[in-house]
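# Architecture at a glance
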Number of protein chains: 2
Amino acid sequence: MLVTGDKERNLKRAGELVREASRKGARLIVLPEFFVCPLDLSVLPDCAEEIQGKISTFLSELAKETGSYLVGGSFPEREGERLYNTSLFYSPEGIVIAKHRKIHLFDVDIKGGISFQESKVLDSGEETTVVETELGRIGIGICYDIRFPELWRKMVLQGAEMFVVPAAFNMTTGPAHWHLLMRTRALDNQVYLAVASPARDEFGKYVAYGHSLGVDPFGKVVVEADIGEEIVYMIVDRERIEKVREQLPVLRQRRPEVY
Amino acid sequence: MLVTGDKERNLKRAGELVREASRKGARLIVLPEFFVCPLDLSVLPDCAEEIQGKISTFLSELAKETGSYLVGGSFPEREGERLYNTSLFYSPEGIVIAKHRKIHLFDVDIKGGISFQESKVLDSGEETTVVETELGRIGIGICYDIRFPELWRKMVLQGAEMFVVPAAFNMTTGPAHWHLLMRTRALDNQVYLAVASPARDEFGKYVAYGHSLGVDPFGKVVVEADIGEEIVYMIVDRERIEKVREQLPVLRQRRPEVY
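Calculation criteria
Residues numbered from 1 in each chain as written. Chains lettered and ligands numbered in written order. Predicted model: local features only at pLDDT ≥ 70, side-chain atom pairs only at ≥ 80, totals over all residues. Heavy atoms only, no water. Core = buried A, V, L, I, M, F, W, Y, C linked by side-chain atoms within 4.5 Å. Buried < 20%, exposed > 50% of the residue type's maximum accessible area, 1.4 Å probe, protein only. Contact = heavy atoms within 4.5 Å. Least-squares fit on C-alpha atoms with pLDDT ≥ 70 in both. Pairing = 2+ DSSP bridges. Helix = DSSP H or I, 4+ residues; strand = E, 2+ residues; numbered from the N terminus. Phe/Tyr/Trp six-rings, centres within 6.5 Å; stacked < 30°, edge-to-face > 60°. Lys NZ or Arg CZ within 6 Å of the ring centre and 35° of its normal. Expected span 1.5 Å × (residues − 1). Polar contact = N/O pair within 3.5 Å; in protein donor to acceptor, adjacent residues only side chain to side chain. Axes fitted to C-alpha atoms, helices over the stretch in contact; angles between N-to-C directions.

## Considerations on the nonpolar core
In this structure, Met182(A), Leu193(A), Met182(B) and Leu193(B) are the most contacted members of the largest nonpolar core, which totals 52 residues. Residues contacting Leu193(B), with those up to four places away along its chain left out, are Ile146(B), Phe163(B), Val165(B), Met182(B), Arg185(B), Ala186(B), Leu213(B), Gly214(B), Val215(B) and Met234(B).

Structure below.
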């Protein structure tokens, strides 16, 4: 979805898209990182809400109405004086079953490319998040978290069969690394991976790369969005996970005593 | 290089290629996995030698003659009753400065693709290998070792600035994963990576994928061989390593207390 500076409009649009995905049969729906307000550090404090707030009420009702598991992308969460980049995960009953706070903040300064200091405004999460659902065990990470292989390995050792990733790479890191990192995390850990990006807004302050993906446990891209608004669908076949893990048994062949 | 069933021929050919690379200015030269005998488990025991043997004498003299650092691909090493897939690393004086025994053995059984059980014949190494040279600190892994992100992370935490990888993917795993894994290990750890494959022998028992690569610390392929015999050259710029690590400081931003 295209994220604008208008919070009301963004919530309304998210609702329309989630309803459409649900109508077409989606049982687990993932919204992009910062779907309620654009990735502009100066506006995040204004957009921020506590966990109990308008955004969470909206997401809860939407999950319940559509009867789907819903990963509410992420939003700036306020707790006391602190802000976090937080993803809420809802059951089809509209209950929060997991909360992930982005662990790794995006602080980079690439010459001739992107410069961004997320930690000037946000604090970082302290915990990995793997949640048990009727659809399988699902691990959550947000955007820059994808650059740290340790996190995803820990989640697969905690039983994850699928990773969901609200994310917003930019026009420097996107072309260079988006597919590479998403595919390798899925392949190394032999899980399905769904990553949801905001649509590209060429005139935005932060130009997201787009290209939401579904990747299978062999590291293959099975579905890919273009740069505009688009819902993409992936069938998650738990038998395929077992098959890949049996044929190429890397998870059993690890040598933790050596590392 | 093309690896044949004739050990003498393979050593001779390796000598010619190493001399040519050296003449053209290479200071660190990497031969492919099992450059002395083809990847055919039934012939490995016959081809095997102890560390002190014909192969090591040959490599030592070659390193000394050319005045180059030489990673002698790998060969089947015999120690008592056991066999290992071993890489010897020589200084320009012809001294062994490191020995890496492949840690993860290639045991896979992909339906409609490759089936291979390396552990039926070989034993596995127990240690990571990072060696200090005048050119920088270099970590070594062999082929299937590349599938385990923990190993490469450990080596970078031990100070590696470059990875060298004698390897021989096949016609199932090569097209699916070769570039993906090599690029991501380099990118995640912000090192140069050089991977050397045997040339493709369509009539061999094990058909290697070829495509020897040089990858930079931003995960970009800077040089790539085709499927035949070919020497490829990469310039390793240690300042670029520092620059990438400064601009995208993932190694500092790790959160080991969380994983």
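After that view, the rundown keeps rolling.
## Looking at the relation of the copies chain A and chain B
When chain A is fitted onto chain B, the two copies agree to an RMSD of 0.0 Å after a turn of 180 degrees and an axial shift of 0.0 Å. In short, the pair behaves as if placed about a two-fold rotation axis. Taking the C-alpha atom as reference, chain A places Leu180(A) closest to the rotation axis, 3.1 Å from it. The share of interface residues of chain A whose copies in chain B are also at the interface is 100%, consistent with both copies meeting through the same surface.

## A few points about the pairing of strand E3 (residues 75-79) of chain A
Two strands pair when backbone bridges link them, and E3(A) and strand E4 (residues 82-90) of chain A are joined in this way by five bridges, in the antiparallel orientation. Paired with Pro76(A) across the bridge in E4(A) is Asn85(A).

## Describing the packing of aromatic side chains
Across all of its chains, the model carries 16 aromatic pairs over all chains by this definition. Note on Phe116(B) and Tyr206(B): the rings are 5.4 Å apart at their centroids and 75 degrees apart in plane angle, and the pair reads as edge-to-face. Separated by 90 residues along the polypeptide, Phe116(B) in strand E7 (residues 115-117) and Tyr206(B) in the loop between strand E11 (192-196) and strand E12 (213-215) bring together distant segments of the chain. Pair check on accessibility: Phe116(B) and Tyr206(B) agree, each one buried. Positioned above the aromatic ring of Tyr84(A) is the side chain of Arg101(A), whose terminal nitrogen or guanidinium carbon lies 3.7 Å from the ring centre.

## Some details on helix H1 (residues 7-23) of chain A
All names here are of chain A. Counted at 1.5 Å a residue, the expected span for H1 with its 17 residues is 24 Å, and the 24 Å between its end C-alpha atoms agrees. Of all the residues in H1, the buried ones are Asn10, Leu11, Ala14, Gly15, Leu17, Val18, Ala21 and Ser22. Contacts from the buried residues of H1 go to strand E1 (28-30), helix H3 (54-66) and strand E2 (69-71). By the N-cap criterion, in which a side-chain oxygen at the helix start approaches the backbone nitrogen of a residue two or three places on, H1 is capped by aspartate 6, the distance to glutamate 8 being 3.1 Å. Downstream of H1 by a residue or two, glycine 25 has a phi angle that is positive, lying close to 110 degrees.

## Here we look at the sheet that holds strand E8 (residues 129-133) of chain A
Strands belonging to one sheet form pairs held by backbone hydrogen bonds; the direction of such a pair is parallel or antiparallel. Residue and element names in this part refer to chain A. In spatial order, the strands read E8-E9-E10-E11-E12-E13; together these six strands make up an open sheet with mixed pairing. Either end of the sheet is taken by a strand with one partner, and the two such strands are E8 and strand E13 (221-224). On average, adjacent strands in this sheet sit at an angle of 20 degrees to one another, irrespective of strand direction. Docked against the sheet, helix H5 (residues 173-189) engages strand E10 (162-166), strand E11 (192-196), strand E12 (213-215) and E13, running at close to 30 degrees with respect to E12.

## Topic: the environment of Ser68(A)
Residues and elements named next belong to chain A. Mapped onto the elements of the fold, serine 68 is located in the loop between H3 and E2. Through-space distance from the C-alpha of serine 68 to that of lysine 12 is 17 Å; in sequence the pair is 56 residues apart. Those residues in contact with serine 68 that sit more than four places away from it in its chain are Ala26, Arg27, Ile29, Ala63, Tyr90, Ser91 and Pro92. Side-chain polar atoms of serine 68 contact the side chain of threonine 66, separated by 2.6 Å.

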